[in-house]
Amino acid sequence: MALFCLLGSLLGWGVSLIWPTPHRATRELFVGLNVYNSLEGQNRTEYAGIEIVNANDFKNWQMASLNTLILKDEVIDATLTRLRTLDPYWEGVDRTALADSLDVYWRNAGKWRLVAENTDPQRAEQAVIAWEAVVVERVHTAVLASQRAMVIDLQLKAMAQQRLAYHSRIERLRQAQETMQRTLRDLEALAADAPLDQNEHWKLWRQLGRLDLGPAWKALLDAFPPHASSTGVYRDWLMQATPLVEAEILGLEEQIRQLDEQQQEAAAQFAQASQESLGLSATLDVDKISETRLQQSVVRPTGTLMLAGSLLGLVVWFAFWLGGVSLKGSA
């Protein structure tokens, strides 16, 4: 039995020589997310086209997005470029080989572990440190873009409200314009020296007295014909007031046109910022836990392989022993 265990142990040791164990270097990242302040943002739907119904959905989507970003080709390429400036060894390593040697471990927001494996412990350390630096920089860039998208989104909402206010004011002015035009037509049928009906006087004042068209309009309102004035006086007053209302409508339409241009430009900026953010939340926080702490380990320690070989030898010995007992029994 001891001989079989010894042979198994030697076998494990031989495997460790033939199949060298990779060294594993690990760096830890802090990942934080304020889900409650992010639920109202539209950046997630603009980028991913999905509907988030609760905080847990949003958190899960952010964690999955971050995991995808960490392993994106652009991140691996940037890591490889940085490594090639450190050590000529990496000139012979391509993106696929580097990506296969990297992995990330996480369960939730909090502590994430970036892992790099290499047969040389120094190269494993170089890889994980460079990868961590690129990840942090890329995430910070994406989060800044997300914050920019949030600001632009607020601006777009403010523009939409302003546009609605302009249209509402134009609607009131057009109603007033129709009243003035109708009143002018009615006055044309009356004698110029005939007094205007009292009801028509107050109806016209209620319609026009609430308008605010600036200093010129205020002065015109101060000159509004008093009660019992002749229709000719009202007609002259309306002829002066009509151009002011028309000019105000044209001015508001021009402001709407300019606002539409601003909205189109802001919408393009929002779309670009959303794409650059990769859908990450403006409140996502990813940073290094420590600048110096780094964990080194081996994936398949030689001692573990020798122990496994000893156990295998014990199993083989036990199989031979059972075979011998069976033969004696049959004899």
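Residues numbered from 1 in each chain as written. Predicted model: local features only at pLDDT ≥ 70, side-chain atom pairs only at ≥ 80, totals over all residues. Heavy atoms only, no water.

Student: Would you mind showing me how to read the overall build of the protein chain here?
Tutor: Looking only at helices and strands, the protein chain features ten helices and five strands. Relative to its full complement of 331 residues, the protein chain shows a buried share of 38%. Contacts spanning at least 24 positions in sequence make up 80% of the contacts within the protein chain whose residues lie at least 6 apart. When the accessible surface of the protein chain is summed, it comes to about 18,900 Å², and 57% of that surface belongs to carbon and sulfur atoms. (Helix = DSSP H or I, 4+ residues; strand = E, 2+ residues; numbered from the N terminus. Buried < 20%, exposed > 50% of the residue type's maximum accessible area, 1.4 Å probe, protein only. Contact = heavy atoms within 4.5 Å. Areas by Shrake-Rupley, 256 points an atom, 1.4 Å probe, with all protein chains shown as cover.)

Student: Which parts of the structure should I look at to understand the packing of helix α4 (residues 73-84) against helix α6 (residues 121-188)?
Tutor: Geometrically, a packed helix pair is captured by the angle between its two axes and the distance between the axes. Between α4 and α6, whose axes approach to 9 Å, the crossing angle comes to 130°. By the angle class used here, α4 and α6 are oblique. The element α4 and its partner α6 pack so that their crossing is right-handed. Across from E74, V75, I76, A78, T79, R82 and L83 in α4, the residues of α6 making contact are Q126, A127, A130, W131, A133, V134, V135, E137 and R138. Of the residues contributing to the contact of α4 with α6, the split by class is ten nonpolar, two polar and four charged. (Axes fitted to C-alpha atoms, helices over the stretch in contact; angles between N-to-C directions. Parallel < 35°, antiparallel > 145°, perpendicular 65-115°, else oblique. Left-handed = near helix turned anticlockwise from the far one by under 90°. Nonpolar A, V, L, I, M, F, W, Y, C, P; charged D, E, K, R; others polar.)

Student: Just to check I follow, could you spell out the environment of A192 for this structure?
Tutor: Within the secondary structure, A192 is located in the loop between α6 and α7 (198-208). For A192, a relative accessible area of 41% gives the class partly exposed. Residues A192 and R235, spaced 43 residues apart in sequence, show a C-alpha to C-alpha distance of 8.5 Å. The contacts of A192, once residues within four sequence positions are left out, are S230, T231, G232 and R235.

Student: Can you help me understand a positive patch on the surface in this one?
Tutor: On the surface, a cluster of positive charge is contributed by R172, R182, R185, K203, R206 and R210. Where the positive patch is concerned, the elements lending two or more residues are α6 and α7. Per element, the largest residue contribution to the positive patch is three residues, and it comes from α6. Topologically, K203 is positioned in helix α7. Its relative accessible area of 41% is what places K203 among the partly exposed residues. (Patch = residues over 30% accessible without salt bridge, like charges linked within 9 Å, V, L, I, M, F, W, Y side chains within 5 Å. Salt bridge = Lys/Arg side-chain N within 4 Å of Asp/Glu carboxyl O. Lys, Arg positive; Asp, Glu negative; His and termini not counted. Charge placed at Lys NZ, Arg CZ, Asp CG, Glu CD.)

Student: So what exactly am I meant to see when it comes to helix α9 (residues 231-277) here?
Tutor: The terminal C-alpha atoms of α9 lie 66 Å apart, and with 47 residues this matches the ideal 69 Å at 1.5 Å per residue to within 8%. Just downstream of α9 lies L278, where phi reads positive at about 55°. (Expected span 1.5 Å × (residues − 1).)

Student: Looking at this structure, I do not really get α4. What am I missing?
Tutor: Three or four residues apart is the spacing at which side chains of an α-helix point the same way, because the helix has 3.6 residues per turn. Under the 1.5 Å per step criterion, the end-to-end length of α4 is 16 Å for twelve residues, consistent within 8% with the ideal 16 Å. Considering only its buried residues, α4 is in contact with α3 (55-70), α5 (95-100), β2 (102-105) and α6.

Student: Would you mind going over the packing of helix α8 (residues 215-222) against α9 with me for this structure?
Tutor: Packing of α8 against α9 brings their axes to within 11 Å, and their N-to-C directions diverge by 160°. One element, α8, and the other, α9, form an angle in the roughly antiparallel class. As for how α8 packs across α9, the hand of that crossing is left-handed. Only W237, Q240, A241, L244 and V245 of α9 make contact with α8, whose side of the interface consists of A216, W217, L220 and L221. A per-class count over the contact of α8 with α9 returns eight nonpolar, one polar and no charged.

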